[in-house]
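Chain by chain, the residues run as shown.
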Amino acid sequence: MIKLALLSGLLILDKYAIGIFGLSQPIGAGLIFGLAFGRLSECIILGAYLQLIYLALLPVGRYIPPDGELGGITGLAIHILYPQFPLIVPFFFAVITSIFSGYTDTIFRQFNNLLYRKGIQAAAQEQITTVINLHLLGLPVAFSRGFI
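Note that the structure is predicted; figures quoted are calculated from it, not measured. Throughout, a residue's number is its position along its own chain's written sequence, starting from 1. This being a predicted model, a pLDDT of at least 70 is required before a residue's local features are given, and a value of 80 or more before pairs of side-chain atoms are given or counted; all residues contribute to the totals for chains, interfaces and linings. Water and hydrogen atoms play no part in the side-chain values, which are based on all heavy atoms of the structure.

The subject of this paragraph is the nonpolar core. Take the buried residues of types Ala, Val, Leu, Ile, Met, Phe, Trp, Tyr and Cys, join any two whose side-chain atoms come within 4.5 Å, and each joined set is a nonpolar core. Here the term buried applies to any residue with accessible area under 20% of the maximum for its type, exposed to any over 50%, and partly exposed to those in between, with areas from a 1.4 Å probe on protein chains only. If you look at the biggest cluster of nonpolar residues, it comprises 17 residues, and the most contacted ones within it are Leu11, Ala29, Phe33, Leu50, Ile73 and Leu76. Runs of H or I in DSSP of at least four residues are treated as helices and runs of E of at least two as strands, each being numbered from the N terminus. Only α1 (2-16), α2 (26-37), α3 (40-54), α4 (68-81) and α5 (88-124) provide two or more residues apiece to this core. Looking at this core element by element, the count peaks at five residues for α4. Look past the residues within four positions of Leu50 in its chain and what remains in contact with it is Pro26, Gly72, Gly75, Phe91 and Ala94. Between two residues, a contact is recorded if the distance between any of their heavy atoms is within 4.5 Å.

In this section: the packing of aromatic side chains. Working definition: an aromatic ring pair is given by the centre-to-centre distance plus the angle between the planes. A pair of Phe, Tyr and Trp rings is counted when the ring centres sit within 6.5 Å of each other, with Trp represented by its six-membered ring. The angle between the planes then sorts it: under 30 degrees is stacked, over 60 is edge-to-face, the rest tilted. Enumeration according to the criterion identifies four aromatic pairs in this entry. Taking the centre distance of 5.6 Å and the plane angle of 80° together, the rings of Phe92 and Phe93 count as edge-to-face. Whether a charge lies above a ring is judged from NZ of Lys or CZ of Arg, which has to be within 6 Å of the ring centre and within 35 degrees of the ring normal. The lysine or arginine in question, Lys3, covers the ring of Phe37, its NZ or CZ lying 5.0 Å from the ring centre.

Let us now look at the environment of Leu50. Relative to the helices and strands, Leu50 is located in helix α3. Residue class for Leu50 comes out buried when judged on its relative accessible area of 0%. Expressed as a C-alpha distance, the spacing of Leu50 and Glu69, which sit 19 residues apart in the sequence, is 9.3 Å.

The next point concerns the side chain of Arg39. You can see Arg39 is positioned in the loop between α2 and α3. Assessed through its relative accessible area of 16%, Arg39 is described here as buried. Those residues in contact with Arg39 that sit more than four places away from it in its chain are Gly34, His79, Ile80 and Pro83.

Helical periodicity: at 3.6 residues per turn, an α-helix aligns residues three or four positions apart in one direction. When the terminal C-alpha atoms of α4 are compared, their 20 Å separation across 14 residues agrees well with the 20 Å that a helix rising 1.5 Å per residue should span. Most of α4 is tucked away, with 13 of its 14 residues classed as buried. Counting of polar contacts relies on pairs of N or O atoms within 3.5 Å, with two restrictions inside protein: one atom must be capable of donating a hydrogen and the other of accepting it, and residues adjacent in sequence are counted only when both atoms are side-chain atoms. Capping the start of α4 is the job of one residue whose side-chain oxygen sits 3.3 Å from the backbone nitrogen of Glu69: Asp67. The span one expects for a helix is its residue count, reduced by one, times 1.5 Å.

A carboxyl oxygen of Asp or Glu within 4 Å of a side-chain nitrogen of Lys or Arg is what we treat as a salt bridge. All told, the structure shown has one salt bridge when counted by the stated rule. A salt bridge links Glu42 to Arg39; the shortest N-O distance between them is 3.1 Å.

The topology assignment puts Ser98 in helix α5. One polar contact links the side chain of Ser98 to the main-chain carbonyl oxygen of Val95, over a distance of 2.8 Å. Discounting residues that sit within four places of it in the chain, Ser98 has contacts with Tyr54, Pro66, Asp67, Gly68 and Gly71.

Compared with an ideal rise of 1.5 Å per residue, which puts twelve residues at 16 Å, α2 spans 16 Å between its outermost C-alpha atoms and is within 8% of the ideal. Restricting attention to buried positions, one finds in α2 the residues Pro26, Gly28, Ala29, Gly30, Phe33 and Gly34. Of the residues flanking the end of α2, it is Gly38, one or two places downstream, whose phi is positive at about 70°.

Trans peptide bonds make up most of the peptide bonds, and negative phi angles are found at most residues other than glycine. With a phi angle near 60°, Glu126 is a residue other than glycine that sits in the positive phi range. The residue Glu126 is located in the loop between α5 and α6 (128-147) in this model.

This paragraph deals with the packing of α3 against α5. An axis is simply a line fitted to the C-alpha atoms; with a helix, the fit covers only the stretch in contact. Between two such axes, the angle follows the N-to-C directions and lies from 0 to 180 degrees. One way to put it is that α3 packs onto α5 with a least axis distance of 11 Å and a crossing angle of 40°. Comparing the axis directions of α3 and α5 gives the class oblique. With respect to the hand of their crossing, α3 and α5 are arranged in right-handed fashion. Across the interface between the two elements, Leu46, Tyr49, Leu50, Ile53 and Tyr54 of α3 pack against Pro90, Phe91, Ala94, Val95 and Ser98 of α5. Residue classes in the contact of α3 with α5 are distributed as nine nonpolar, one polar and no charged. Angles are sorted into four bins: roughly parallel if under 35 degrees, roughly antiparallel if over 145, roughly perpendicular if 65 to 115, and oblique for all others. Should the near helix be turned anticlockwise from the far one by less than a right angle, the crossing is left-handed, and should it be turned clockwise, the crossing is right-handed. Under the convention adopted here, Pro, Cys and the residues Ala, Val, Leu, Ile, Met, Phe, Trp and Tyr are nonpolar, Asp, Glu, Lys and Arg are charged, and Gly plus all remaining residues are polar.

This is the structure we're talking about:
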């Protein structure tokens, strides 16, 4: 279970903190979960189905869509933990988590905006270590969203 939580936390960093490589997308996460837990075909299929659900939800303008990445990771984690459940159960948890996480994403963005503004002030005063510390503070916050 700890391995699952750590992997989830690391995958969600792809969306928020360390590049945007697509590994946190449900199909990419399905591949990684499948390789990590020895259930490759099941996880890729589940990830592909979840990817199709979130495919049309694009963040256009100020619209913040449901968080498909975190929803996909949650659905895959539920499937890894409880493989005996029918696939509707991971789908249900994925959709509920993505909707809830879409709302918390607003709070997360406000926190990042606060860090950004403090970083700009510190950069103007040439406080480089403060700028670096503020930037690094975003990593544990993003990791905790996936870990939890």
